[in-house]
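# Examining the three-dimensional arrangement
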Amino acid sequence: VRARVMQVDQSPSVTYQDIGGIEEQMDEVRETVEMPLKSPEMFEDVGIDPPSGVLLHGPPGTGKTMLAKAVANETDATFIKMAGSELVHKFIGEGSKLVRDLFDLARQEEPAVVFIDEIDAIAAKRTESKTSGDAEVQRTMMQLLSEMDGFDDRGEIRIIAATNRFDMLDRAILRPGRFDRLIEVPKPDADGRRQIFQIHTRDMNLADGVEFDELAEEIDEASGADVKAICTEAGMFAIRDGRTEVQMTDFYDAWEKIQQDESEEEDVSR
Ligand code: ATP
């Protein structure tokens, strides 16, 4: 079970240079997660505890997982990921056991960055979700909080949680000493989208004259994950056309196709 539920990456390859358009958020994560791991003595000298847990919140596909991986990479920490949704609908006692296993593993692998995605699955307000009324889900969350309360803040384990549904969270997890640093990771603006295009086309064979200013302006509301998808799809258009160079038109065609696919998906789910 453990292997499926927990994803362990001894040395993630994502770097800060791979992340575009969210500099402020990156700085904040570096200050709250990287500094305590790299220079714990700075906190000791001043006599404060670094934040215990950091909560990243914002729409899907904006780089939250990337941020957590990049910090682990930068600090040579093991990256351990668990999704909140994997902790529900388990047998009695299994959710809390998995949380215990998660922290046991983190202690073994120290230094470690523990990333809990979809934390809302185990930490939603009782009124907001069917599952959170479940006593088992409550127990899983209590176990998480007690693990967090229990360990030395100056230790070599940092916890990052993420959610797309901040409004649903039970405020108990946001109390001091828990997830007391909130970092909003928004969708990128036009300049951010341009940066993300540049990142994802670094290894692409681009035709002369490809530049992303205009496209980045036009694709309002696109997330980082959408920009990545456009780049891959643009490459597919070039391949289908028997070319090795990707042209500007491929990127526009890709965006159109992705929007079409999305609206078809919406029709199906309706
Ligand atoms: P979710 O809430 O759905 O888990 P997330 O915010 O954790 O999403 P990521 O998994 O970090 O999103 O991003 C998915 C993919 O989208 C990344 O692997 C990357 O290719 C691309 N991406 C997203 N945001 C950015 C960004 N800011 N800069 C560069 N690439 C990005």
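Right above here is the structure, for reference.
Worth saying up front: this structure is predicted, and the values here are computed from it rather than measured. (Residues numbered from 1 in each chain as written. Predicted model: local features only at pLDDT ≥ 70, side-chain atom pairs only at ≥ 80, totals over all residues. Heavy atoms only, no water.)

## Side note on the overall build of the protein
In terms of regular secondary structure, the protein is built from eleven helices and six strands. Compactness check: the protein gives a C-alpha radius of gyration of 21 Å against a globular reference of 18 Å for 270 residues, within 12% of the reference. In terms of principal-axis extent, the alpha carbons of the protein reach across some 60 × 50 × 30 Å. A burial count over the protein gives 49% of its 270 residues as buried. In the protein, 80% of the contacts between residues at least 6 apart in sequence involve partners at least 24 apart. (Helix = DSSP H or I, 4+ residues; strand = E, 2+ residues; numbered from the N terminus. Rg over C-alpha atoms; globule rule 2.2 N^0.38 Å. Buried < 20%, exposed > 50% of the residue type's maximum accessible area, 1.4 Å probe, protein only. Contact = heavy atoms within 4.5 Å.)

## A short note on the packing of aromatic side chains
Applying the stated criterion across every chain, the model contains four aromatic pairs. Aromatic pair phenylalanine 197 and phenylalanine 212: ring centres 4.6 Å apart, planes at 0°, arrangement stacked. Here phenylalanine 212 lies in the loop between α8 (190–200) and α9 (213–218) and phenylalanine 197 lies in helix α8, a separation of 15 residues in the sequence. Residue phenylalanine 197 is classed as buried on the basis of its relative accessible area, which comes to 0%. Under the relative-accessibility criterion, phenylalanine 212 is labelled buried at 5%. Ring geometry for phenylalanine 197 and phenylalanine 251: centres 6.2 Å apart, planes at 85°, overall edge-to-face. One end of the pair, phenylalanine 197, is in helix α8; the other, phenylalanine 251, is in helix α11 (residues 248–269), and 54 residues separate them in sequence. We classify phenylalanine 251 as buried; its relative accessible area is 0%. Among the aromatic residues, those joined into a cluster by ring pairs are Phe197, Phe212 and Phe251. Over the aromatic face of phenylalanine 166 sits the side chain of arginine 171, whose NZ or CZ is 5.2 Å from the ring centroid. (Phe/Tyr/Trp six-rings, centres within 6.5 Å; stacked < 30°, edge-to-face > 60°. Lys NZ or Arg CZ within 6 Å of the ring centre and 35° of its normal.)

## Focus on the environment of valine 54
Tracing the backbone shows valine 54 in strand β2 (residues 53–57). Take valine 54: its relative accessible area is 1%, and that puts it in the buried class. Here the alpha-carbon distance between valine 54 and leucine 145, two residues 91 residues apart in the chain, equals 13 Å. In this structure valine 54 touches Thr32, Val33, Ile159, Ile160, Ala161, Phe179, Arg181 and Ile183, once residues within four positions along its chain are discounted.

## Some remarks on helix α7 (residues 135–150)
Compared with an ideal rise of 1.5 Å per residue, which puts 16 residues at 22 Å, α7 spans 22 Å between its outermost C-alpha atoms and is within 8% of the ideal. Of the surrounding secondary structure, the elements contacted by the buried residues of α7 are β2, α5 (94–109), β4 (112–117), α6 (120–123), β5 (157–163) and β6 (179–184). (Expected span 1.5 Å × (residues − 1).)

## Remarks on the layout of surface pockets
As a volume, the largest pocket reaches approximately 370 Å³. In terms of lining residues, the largest pocket is bounded by 19 residues, among which Asp18, Met66, Ile199, His200 and Lys228 are the most central. Within the residue set of the lining of the largest pocket, elements represented by two or more residues are α8 and α10 (224–240). Class assignment of the residues belonging to the lining of the largest pocket gives a composition of eight nonpolar, seven polar and four charged. (1 Å grid on protein atoms, 1.4 Å probe; cavity = no way out; pocket = protein on both sides within 12 Å on 5 of 7 lines; lining within 4 Å. Points joined across faces, edges and corners; volume = space filled by probe spheres on them. Nonpolar A, V, L, I, M, F, W, Y, C, P; charged D, E, K, R; others polar.)

## Quick notes on the site of the ligand
Of all residues adjacent to the ligand, which total 17 residues, the nearest are Gly20, Gly61, Lys64, Thr65 and His200. Separating an oxygen atom of the ligand from a backbone N or O atom of glycine 63 is a distance of 3.1 Å. At 2.6 Å from an oxygen atom of the ligand is found a side-chain nitrogen or oxygen belonging to threonine 65. Protein coverage of the free-state accessible area of the ligand, which is 630 Å², stands at 79%. With respect to the pocket detection grid, the ligand is positioned in the largest pocket. Classifying every residue of the shell around the ligand by side-chain character gives five nonpolar, eight polar and four charged. (Near = heavy atom within 4 Å. Polar contact = N/O pair within 3.5 Å; in protein donor to acceptor, adjacent residues only side chain to side chain. Areas by Shrake-Rupley, 256 points an atom, 1.4 Å probe, with all protein chains shown as cover. Sits in = over half its atoms within 2 Å of the grid points.)

## Details of a negative patch on the surface
Residues Glu211, Glu214, Glu217 and Glu218 make up a contiguous surface patch of negative charge. Along the chain, glutamate 211 turns up in the loop between α8 and α9. (Patch = residues over 30% accessible without salt bridge, like charges linked within 9 Å, V, L, I, M, F, W, Y side chains within 5 Å. Salt bridge = Lys/Arg side-chain N within 4 Å of Asp/Glu carboxyl O. Lys, Arg positive; Asp, Glu negative; His and termini not counted. Charge placed at Lys NZ, Arg CZ, Asp CG, Glu CD.)

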